[in-house]
Amino acid sequence: MEIIVSITVGLLVAIGIWMLLDRGLLRVVLGIVVLGNGVNLAVFSAGRLDGRAAAFVTEAGAPALAANPLPQALVLTAIVIGFALFVFALAVLKRSWELHGNVETDRITAVAEEPAPDLPAPAQSVTPTSGVAAAPQAAGASPAPGVLPATPAAAKATRHGAAAGGQA
Amino acid sequence: MLASISLIAFAMLAAVPLAARLGQRAGWLLALAPLAAFIHFLSQMPTVAGGDVITSTLAWVPALGVELAFRLDGLSLLFALLITGIGTLIVLYAGAYLSDHHHLGRFHAYLLGFMAAMLGLVLADDLIAMFVFWELTSVSSFLLIAFQHDKAESRRAALQALLITGGGGLALLAGLILLGNVGGSWQFSGLSGEAIAGHALYPAILTLVLIGAFTKSAQVPFHLWLPNAMAAPTPVSAYLHSATMVKAGVYLLARLNPALGGSTSWSTILITIGAATALVGAVLAIRQTDLKRVLAYTTVTVLGQLTMLLGTNTHYGLQAFTIYLVAHAFYKAALFMAVGAVDHATGTRQIALLGGLMRHMPLTGVAVALAAFSNAGLPPFFGFIAKEFKYAGLIELGLAGWITTAVMILTNALLLTAAGVVFLRTFLGKEGRYPHAPHEVSLPMWTGPMLLAVGGFVFGAFNNLAEVWLIDAAVQAVSRTAVPVNLYLWGGFTPALLASLLTVTLGVFFYLQRTRLRRRLSLWRVLWRVSGDRVWDRLLKRVFAFATRVADRFQHGSLRQHISWLVLAIAVCALIGMAASTADDLVWPEQTSPLNIAALLGCVLAVAGAAAAATMPGRVALVATLGASGLGMAMIFLAARAPDVAITQLMVETLTVIFLALVLRKLPPTRLVGSRNPAARRFHAIVAIVLGSVVSAMMLMTVSQPLPGDIAQWYLDNSLPAGKGANVVNVILVDFRALDTLGEILVVGLAGLAAAGLLAGSARAGGRPGSAGFDPADGARHPARAGSTPDCPEAFDGPASPTSQGSADFASVLLRQAILPLSGLLALVSLVLLWRGHNLPGGGFIGGLVAASATVLLALAFGVARARAVLRVSPVVMLAAGLALAAGAGVMGLVQGEAFLTGNWIFPGGLPLGTPLLFDVGVFLTVLGAVLHMLLRLIGQED
């Protein structure tokens, strides 16, 4: 049985990672669930699956070949925490859909990212000006111009819930 | 000792509020803390001078043998007195100097923080503790240099100082760790010199530690940061960059002299680098036109000389080292403070503009005079004794000694010139051209320089005082063997005296010829083109450009690439770990439990459901297949004899489906599966398969070993007698490992609060931008079949509002009437599950989830308002009450004097009641509250 369960774990993890790499953020969130299921099963079966009786003791003592109670307790809490994490991820997904109108994994960063408050507007390119004082400053500016939104104005418009035509 | 550090740290915390209240006068109050520490150390002077050592320890990381050990011997007492004494004067001075600065409180806080860190540095006996304080001084120095952060040069100087001293700190850490391992002890006092000297790693340790010390003490080639640090306000320059922080490197070398010193490499390196530093500093000092920079370069010179003296390791050399340390601290701090006073009063520091200040600022002038005489090394000042002993120490060395003596004479002569410039040119002579009309400064600003300058005179004239109380014990702490300490002003016509006379003559000559000297030096323009500063700037620019290129490669903002690389790295590490653990190939489990049909079906269902969820495009399909996958998991758990886990999985799966369905109504239809680019799809598939195979292999390897230990048996045996429960899993959760469960419900509560805030959202204002095919009136699209009942006439008026009427899909009267008793039954069942959980399958988690389902049914059928009315308390209150109850159940154990969360039981009428049951109720309430909070917000906002 352990062999079958190990293979199941591997399959669940693979499917979970495949979903995490999906193009739509919804499947990414569901991938978390599947991955969590796989890991829970892994922890559970690490306690060995050769139990014949559930872990309930009586006055006479523990039953012979009782199932290992410790991984069961750990997995129980893991399931509940995984559920809380899933709902939180779902909430973030819903919110980013409401704010930015976009649930594509590749585009959500560009759409949702706010420019750093202490930097100049990202439309300017990073040019090291002459003089020693500017060197650390210019270098401190953002390294990847491609990451920042091209038009912060449009990002702001969607953020403040402008009319239903607002697109990023 | 820890008390004095804590006192100063406390003053640091109080600085900002005090300064906000009292303004400039806060300085007087704050100076009391270092003053108290100073008096404390003074009181320890008799003990330490007698040869004893005071220690105190605080355990920190017992497993690694690291502890917060403090040791007060001669050297640390010397430094501690310098730090706290000069610190008191500086705090007072700073209050007056920066009196109109709006961030004065912050300045005091940084200063006191630095003082605490420096004090910890010199008092620490433990290697790692000393390093922590070392880095803290670097950080506070950065904050202080960048205090006027609106000026670009301050920022640049601060960054330069931090990078150089921080980089040196890294090397120092490596060196200290090696030293601790090789030397046999993690304390300075326990290091064994012979073991270290003979070890093969000695050169490495020496290099690393020396790099650390040299960066901190501004030796060549790391000296560039010190003159640039003059961009800081003058109190900072007077305290950190002359008297205390820069001496930290030299202090470390002195502290390690018994352990690392004595070898020829140590002496050679120290003497060479020290001599080079002294020369560079002295020559550059003459070229400066700003008084502060003159003093900065002379500090570099003196640090070089101190290093040289330490390297000589002779009797006179070590005495000279200690004496010069004290003398320099006194006169340099006094000079810096006076220069700051001059700047404050006249508005300029340029030598060309100054002159004839003595009649305007007599008190400061006298202080500068005394300090300058000590700087120049004229009798009977302390600086003179230092100079004599310096020469005596070097001459002892023989031929190498004569060469270095020549260097020493030259640099001392130049120091005398610099002292002359600072005093004669500034205070005597004809009147200069001042931006402001000069006036004498306030009491706090001239007290400091005066006290220190007079101290230099007193120590020199009454040198017996210094010898007995300070110098003797300090020298013994530094040297490898016992050294007879004897200070004197007049020792007869020794070569040292001749050298002193030569120095004075040369110095006076240089002073009189200084313009011609400066012109000659500037002719060597070739050298000045290779300015360390410009090299630094170019280096920094290249480093940042390289960092940008690397960051561009890895921080591209694409979530999928991040995950892919992360997963591949994990797989590689796991493979390496597996390969390293067993010599042969994958170990196949020999003994496996028999095939269980139910578990097999569960596995198939779980995998099939997950695979379908991964590939099918519709929303309903997603929800259904995910639910099926969860059911498969529950079947596996049931088949493996884990009823509690199975029920939890079932309930969680139910609620997952509900949440998913409610949220999916708001999202666009999902048609996208996988990536558009086929190559990317293949890559993602490969990544997934790789990790899956690695995890499978790891699992197989794990289960092929026998399960180590017998903790499962322990839990089974002790559950009923100690935990008073037959359900071992539940007893583990609420009794044996209750602390983990407490943390876990805290996480659930936090996630619930956070998610609820997001789920409520701003649905009213522009909630759904973009995406076609989405109708906000979705819920009302089926009024004709479901909503048309005579009992609910409101359904005809348009889309039914779920907040008040329940979702329109549930508008069937049959359904509504049936749901009421069903909810009630479910609520009852949840309470039964909670009650019986300790002995039969059930418990707080399961009960909470079932109760949540009951309430959700009510909310969907009758509306959120009704459901909230039935609940009577808000879910957040339930959540909080649950957490409080769980924590309170634990506190009851504390009250009895036992550990937190110890179970206490009473047996009224044979019924076992105890704190773990209370804990379970807390868990129930928390889970119920969190889930309901999220769900009711989510349902309630769709209208």
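So, here is what we can say about the structure in this document. Throughout this document, residue positions are counted from 1 along each chain, in the order its sequence is written. All chains are assigned letters beginning at A, and all ligands numbers beginning at 1, according to the order in which they are written. For a predicted model such as this one, the threshold for reporting local features is a pLDDT of at least 70, and the threshold for listing and counting side-chain atom pairs is 80 or more; totals across whole chains, interfaces and linings nevertheless cover every residue. Side-chain figures throughout are based on the complete set of non-hydrogen atoms in the structure, without hydrogens or water.

### Structural notes on the overall build of chain A
Right, on to step 1. Tallying secondary structure elements over chain A gives six helices and zero strands in all.
Right, on to step 2. Walking chain A from its N terminus toward its C terminus, one meets helices and strands in the order α-α-α-α-α-α.
Right, on to step 3. The buried share of chain A, taken over its 168 residues, is 52%.
Right, on to step 4. Note on contacts: a residue pair qualifies if any of its non-hydrogen atoms lie within 4.5 Å across the two residues. Considering only intrachain contacts with a sequence separation of at least 6, the fraction spanning at least 24 residues in chain A is 52%.
Right, on to step 5. Accessible surface is estimated by sampling points in the Shrake-Rupley manner with a 1.4 Å probe; for residues, cover comes only from the protein chains shown. Here chain A has roughly 6800 Å² of accessible surface; of this, 66% comes from carbon and sulfur atoms. A run of DSSP states H or I qualifies as a helix once it reaches four residues; a run of E qualifies as a strand once it reaches two. Both are numbered from the N-terminal end. The rule is simple: take the accessible area with a 1.4 Å probe, protein chains only, and divide by the maximum for that residue type; under 20% is buried, over 50% is exposed, in between is partly exposed.

### Observations regarding the overall build of chain B
Right, on to step 1. From N to C terminus, chain B includes 40 helices and four strands.
Right, on to step 2. Counting the 943 residues in chain B, one finds 55% classified as buried.
Right, on to step 3. Taking as baseline every contact in chain B between residues at least 6 positions apart, the subset at least 24 positions apart corresponds to 78%.
Right, on to step 4. Per element, the accessible surface of chain B, about 38400 Å² overall, is 68% carbon and sulfur.

### Here's the deal with the side chain of B:D343
All names here are of chain B.
Right, on to step 1. If you trace the backbone, D343 turns up in helix α16 (residues 315-346).
Right, on to step 2. The class of D343 is buried, set by a relative accessible area of 18%.
Right, on to step 3. Whenever two N or O atoms come within 3.5 Å, that pair is a polar contact, provided that in protein one can donate a hydrogen and the other can accept it, and provided that, for residues adjacent in sequence, both atoms are side-chain atoms. Within the structure, the side chain of D343 is placed 3.1 Å from the side chain of R349, a separation counted as a polar contact.
Right, on to step 4. Each residue touching D343, except ones within four places of it in the same chain, is listed here: Y97, T348 and R349.

### What about the environment of B:A231?
All names here are of chain B.
Right, on to step 1. You can see A231 is positioned in the loop between α10 (225-228) and α11 (234-243).
Right, on to step 2. The exposure class assigned to A231 is buried, which follows from its relative accessible area of 13%.
Right, on to step 3. Taking the C-alpha atoms as reference, A231 lies 9.7 Å from R293; in sequence the two are 62 residues apart.
Right, on to step 4. Ignoring anything within four residues of it in the chain, the contact list for A231 reads I145, Q148, E153, S154 and A157.

### Quick look at the nonpolar core
Right, on to step 1. Definition of nonpolar core: a set of buried residues of the types Ala, Val, Leu, Ile, Met, Phe, Trp, Tyr and Cys, connected through side-chain atoms within 4.5 Å. With 191 residues, the main nonpolar core has B:F41, B:L260, B:F382 and B:I471 as its most contacted residues.
Right, on to step 2. The biggest single contributor to this core is α16(B), with 21 residues.
Right, on to step 3. Apart from residues no more than four positions distant in its own chain, B:F382 is found in contact with B:I323, B:V326, B:A327, B:S374, B:G456, B:F459, B:G460, B:A466, B:I471 and B:L487.
Right, on to step 4. Of all hydrophobic cores here, the second largest spans 136 residues; its members include A:L21, B:A571, B:A646 and B:L667.

### Topic: empty space enclosed by the protein
Residue and element names in this part refer to chain B.
Right, on to step 1. Within this scheme a cavity is a closed region of a 1 Å grid, computed over the protein atoms alone, that accommodates a 1.4 Å probe without allowing it to escape, whereas a pocket is open but has protein on both sides within 12 Å along at least five of seven lines; lining residues each have an atom within 4 Å of a point. Grid points are joined across faces, edges and corners, and a volume is the space filled by probe spheres set on the points. Within the structure shown, the criterion is met by six cavities of 30 Å³ or more.
Right, on to step 2. In this structure, the largest cavity encloses a volume near 70 Å³.
Right, on to step 3. Around the largest cavity, the lining residues are A285, I286, Q288, V294, I351, T417, A418, V421, R514 and R518.
Right, on to step 4. Of all the elements in the fold, those that place two or more residues in the lining of the largest cavity are α14 (264-287), α19 (399-427) and α23 (514-523).
Right, on to step 5. The leading source of residues in the lining of the largest cavity is α19, at three residues.
Right, on to step 6. Amino acids outside the nonpolar list (Ala, Val, Leu, Ile, Met, Phe, Trp, Tyr, Cys, Pro) and the charged list (Asp, Glu, Lys, Arg) are all regarded as polar, and Gly is one of them. When grouped by side-chain class, the residues that make up the lining of the largest cavity number six nonpolar, two polar and two charged.

### Observations regarding the interface of chain B and chain A
Right, on to step 1. Across the boundary between the two partners, chain B contributes 124 residues, which contact 94 residues of chain A.
Right, on to step 2. Summed over both partners, buried area is the accessible surface (1.4 Å probe) that two parts give up on being assembled. Buried area between chain B and chain A, summed over both chains or domains, comes out near 9600 Å², and the portion from carbon and sulfur atoms is 75%.
Right, on to step 3. Salt bridge, as applied in this entry: a Lys or Arg side-chain nitrogen positioned within 4 Å of an Asp or Glu carboxyl oxygen. Joining chain B to chain A, the criterion identifies zero salt bridges.
Right, on to step 4. Scanning the region where chain B abuts chain A turns up twelve residue pairs in polar contact (both at pLDDT 80 or more).
Right, on to step 5. Sorting elements by how many residues they give to the side of chain B that touches chain A places helix α30 (residues 678-704) of chain B first, with 14 residues.
Right, on to step 6. A per-class count over the side of chain B that touches chain A returns 77 nonpolar, 33 polar and 14 charged.

### Topic: the environment of B:A36
Right, on to step 1. Position of B:A36 among the secondary structure elements: in helix α3 (residues 32-49).
Right, on to step 2. C-alpha of B:A36 to C-alpha of B:S4: the two residues are 32 residues apart in sequence and 7.8 Å apart in space.

### Description of unusual backbone geometry
Right, on to step 1. With an omega of -5 degrees, the peptide bond running from B:V220 to B:P221 counts as cis.
Right, on to step 2. Position of B:P221 among the secondary structure elements: in the loop between α9 (202-216) and α10.
Right, on to step 3. The phi angle at A:L65 is positive, at roughly 50 degrees, despite the residue not being glycine.
Right, on to step 4. Mapped onto the secondary structure, A:L65 falls in the loop between α2 (25-46) and α3 (69-100).
Right, on to step 5. A positive phi angle, close to 65 degrees, is found at B:R641, a residue other than glycine.
Right, on to step 6. Note that B:R641 resides in the loop between α28 (619-639) and α29 (643-664).

### Some points on the packing of aromatic side chains
All names here are of chain B.
Right, on to step 1. Two rings from Phe, Tyr or Trp (for Trp, the six-membered ring) form a pair when their centres are within 6.5 Å of each other. A pair whose planes differ by under 30 degrees is stacked, one over 60 is edge-to-face, and the rest are tilted. Following the criterion strictly, the structure yields 18 aromatic pairs over all chains and no others.
Right, on to step 2. Taking the centre distance of 5.7 Å and the plane angle of 15 degrees together, the rings of Y93 and Y97 count as stacked. With a gap of four residues between them, Y93 and Y97 both fall in helix α4 (residues 74-97), about one helical turn apart. Exposure class is identical for Y93 and Y97. Each is buried.
Right, on to step 3. Each ring is checked for a lysine NZ or an arginine CZ that lies within 6 Å of its centre and within 35 degrees of its normal; such an atom marks a charge sitting over the ring. Directly above the aromatic system of W134 lies the positively charged group of K216, at a separation of 5.0 Å from the ring centroid.

### Topic: the pattern of salt bridges
Right, on to step 1. Under the definition given, this model contains eleven salt bridges over all chains.
Right, on to step 2. Residues A:E98 and A:R95 are paired through a salt bridge, measuring 3.0 Å at the closest nitrogen-oxygen approach. You can see A:E98 and its partner A:R95 sitting in helix α3, three residues apart, about one turn around the helix. The two residues A:E98 and A:R95 agree in class, both being buried.
Right, on to step 3. Ionic pairing is found between B:D537 and B:R156, a salt bridge with its closest N-O pair at 3.2 Å. Within this pair, whereas B:D537 is found in helix α25 (residues 532-554), its partner B:R156 is found in helix α7 (residues 152-183), the two being separated by 381 residues in sequence. Take B:D537 and B:R156: they sit in the same class, and that class is buried.

### So, α3(B)
All names here are of chain B.
Right, on to step 1. Helices are assigned an expected span. That span is 1.5 Å times one less than the residue count. Between the first and last C-alpha of α3 there are 25 Å, a value that for 18 residues agrees with the 26 Å anticipated at 1.5 Å per step.
Right, on to step 2. When the local axis directions of α3 are compared, the greatest deviation, roughly 30 degrees, occurs at S43, which is followed within four positions by the proline P46.
Right, on to step 3. G51 sits one or two positions beyond α3 and adopts a positive phi of about 110 degrees. Bend, in this description, refers to the angle at a residue between axes fitted to the seven residues ending there and the seven starting there.

### Topic: a nonpolar patch on the surface
Residues and elements named next belong to chain B.
Right, on to step 1. Patches here are clusters of residues that have more than 30% relative accessible area and form no salt bridge, with a 9 Å joining cutoff for like charges and a 5 Å cutoff for nonpolar side chains (Val, Leu, Ile, Met, Phe, Trp, Tyr). A cluster of nonpolar side chains, L595, I597, L601, L605, L631, M635 and L650, forms an exposed patch at the surface whose accessible area comes to about 600 Å².
Right, on to step 2. Among the elements that line the nonpolar patch, the one with the most residues is helix α27 (residues 597-615), at three residues.
Right, on to step 3. Note on placement: L605 falls in helix α27.

### A few points about the packing of helix α18 (residues 382-395) of chain B against α19(B)
Residues and elements named next belong to chain B.
Right, on to step 1. In this analysis an axis means a line fitted to C-alpha atoms, helices contributing only their contacting stretch, and an angle means the value between N-to-C directions, from 0 to 180 degrees. With their axes 8 Å apart at the nearest point, α18 and α19 run at an angle of 160 degrees to one another. Classified by the angle their axes make, α18 and α19 are roughly antiparallel. Every residue of α19 that contacts α18 at K387, K390, Y391, L394 and I395 is listed here: G401, W402, T404, T405, M408, I409 and N412.
Right, on to step 2. Residues belonging to the contact of α18 with α19 are distributed by class as follows: six nonpolar, four polar and two charged. Angles are sorted into four bins: roughly parallel if under 35 degrees, roughly antiparallel if over 145, roughly perpendicular if 65 to 115, and oblique for all others.

Keep in mind these values describe shape, not function.
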